[in-house]
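Structural description and commentary
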Amino acid sequence: MAEVKTHNPFPIEDPVSDTMKLLRDKPPAHYILQIDSFSLLLKILEKSDAKSYDSMTFEACGYKWKLSLYPNGDQKRNAKGFISLYLRIEETNALPVGWEINLNCTFFVLDQIQEKFLTIQDVCGKFRHLYALKKDTGLPRLMQLDVFEDEENGYLVQDKCVFGVEVSVNSYKGRGECLAMPVKPSSATYTWKIVDYSKSDEPRLSEAFTRQDFKWRLIMLLPRGTKRDEAKYLSLYLNSLDSKITLSVYAEFKLRVKHQLNG
């Protein structure tokens, strides 16, 4: 009885490498590396005593990068018998001293039989960290070499293969806010003296005043109460005039009416 091979022999989640492997139709957004003769690439690397092939420089998320492919595995990282694929940042001399980058990256291998891309990415969106002493990141054990070279799996077909990468950089843009809550705010009062109270039913506005570094004013809506409760209540409000308050401000305040007979 002939052995039946399972196409695309990958689990959804690889607990060993903390990566997730999925198939998708959409190609990588940032770079594709197509190799038309994988066997010839192996011969060239062997003759030149090189271990890897570096792609052309490409730009993604405002930085310059290269893909670095180890067709026989990165043996320095104990990956003999695997395909190794790395993303390396380039032109770092243009970056400020002490630069650091946190990023997510997804690597791709084209399944030419299903015409879909196998994507390999970190589980739970784990960030990778690059800095001056660590300029590359990737997967030493992207795929077992015998799985890759088996044409029935679709990754190396007629000596052709396609790799790719997507990059997402988590960079701070300087946007945010600070919620300042004074533990013991100082007391700040304002007295509004109203003359000719009964001469008009129009709303009254106090002068603008500054307290706790913010601008305010008092509003008395209809001296004889609001329209809804006319002639029942005096309506008094504290109003913010400060243009720097873009969202909201928490203010604890008391509105008082002075008893003029006893003070």
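Since we're looking at a predicted model, the values are computed, not measured.

Scoring rules and cut-offs
Residues numbered from 1 in each chain as written. Predicted model: local features only at pLDDT ≥ 70, side-chain atom pairs only at ≥ 80, totals over all residues. Heavy atoms only, no water. Helix = DSSP H or I, 4+ residues; strand = E, 2+ residues; numbered from the N terminus. Polar contact = N/O pair within 3.5 Å; in protein donor to acceptor, adjacent residues only side chain to side chain. Contact = heavy atoms within 4.5 Å. Core = buried A, V, L, I, M, F, W, Y, C linked by side-chain atoms within 4.5 Å. Buried < 20%, exposed > 50% of the residue type's maximum accessible area, 1.4 Å probe, protein only. Pairing = 2+ DSSP bridges. pLDDT = per-residue confidence, 0-100. Salt bridge = Lys/Arg side-chain N within 4 Å of Asp/Glu carboxyl O. Arc of directions from axis to C-beta.

**Observations regarding the side chain of arginine 128**
With respect to the helices and strands, the residue arginine 128 is situated in strand 10 (residues 128-131). Polar contacts involving the side chain of arginine 128 include one to the side chain of aspartate 122, which spans 2.7 Å. A distance of 3.1 Å separates a polar atom in the side chain of arginine 128 from the backbone oxygen of glycine 138. What arginine 128 contacts, discounting residues up to four positions off in sequence, is Ile101, Asn102, Leu103, Cys105, Asp122, Thr137, Gly138 and Leu139.

**What to know about the nonpolar core**
Within the largest apolar cluster, 37 residues are counted, with the highest numbers of intra-cluster contacts made by Trp65, Phe148 and Phe163. Contact partners of phenylalanine 163, with chain neighbours within four places excluded, come to Tyr31, Ile32, Leu33, Ile35, Leu69, Ile83, Leu85, Phe108, Val109, Leu142 and Phe148.

**Considerations on the side chain of aspartate 122**
Within the fold, aspartate 122 resides in strand 9 (residues 116-122). The contacts of aspartate 122, once residues within four sequence positions are left out, are Asp18, Thr19 and Arg128.

**Quick word on the pairing of strand 6 (residues 63-70)**
Within a regular strand, the side chains alternate between the two sheet faces. When strand 4 (residues 53-54) meets strand 6, the two strands line up antiparallel, connected through two bridges. Among the inter-strand pairings, aspartate 54 is bridged to a residue of strand 6, identified as serine 68. Here strand 5 (residues 58-60) runs beside strand 6; their pairing, made up of three bridges, is antiparallel. Residue pairing in the sheet places alanine 60 in a bridge with tyrosine 63 of strand 6. Remark: two residues form the turn of the hairpin made by strand 5 and strand 6, two consecutive strands paired antiparallel; cysteine 61 in that turn has positive phi of roughly 60°. Pairing geometry for strand 6 and strand 7 (residues 82-90), over seven bridges, is antiparallel. Within strand 7, the residue paired with tyrosine 70 across the bridge is serine 84.

**Points about the confidence of the model for the protein**
Considering every residue of the protein, the mean pLDDT works out to 84; 83% of them sit at 70 or more. Ranking the elements of the protein by mean pLDDT puts strand 1 (residues 13-14) last with 50 and strand 3 (residues 31-35) first with 96.

**Remarks on the pattern of salt bridges**
Overall, the coordinates contain nine salt bridges when judged by the stated rule. The partner of glutamate 166 in a salt bridge is arginine 24, with the nearest N and O atoms 2.4 Å apart. A residue pair is termed long-range when its members are at least 10 positions apart, and glutamate 166 in strand 12 (residues 161-170) and arginine 24 in strand 2 (residues 19-24) qualify at 142 residues. By relative accessible area, which is 18% here, glutamate 166 ends up buried. Where arginine 77 meets aspartate 74, a salt bridge forms, and the shortest distance between an N and an O atom there is 3.4 Å. According to the relative accessible area criterion, aspartate 74 is buried, its value standing at 4%.

**A closer look at helix 1 (residues 38-47)**
Buried within helix 1 are the following residues: Phe38, Leu41 and Leu45. Buried positions in helix 1, seen along its axis, are confined to an arc of 55° and lie on one side of it. Among the exposed residues of helix 1, those oriented more than 90 degrees off its buried face are Lys43, Glu46 and Lys47. Elements that come into contact with the buried residues of helix 1 comprise strand 3, strand 4, strand 6, strand 7, helix 2 (145-149) and strand 12. After helix 1 finishes, the residue aspartate 49 shows a positive phi value of roughly 60°.

**Let's talk about the environment of leucine 23**
Tracing the chain through its elements places leucine 23 in strand 2. Separated by 95 residues in sequence, leucine 23 and leucine 118 have C-alpha atoms that sit 4.5 Å apart.

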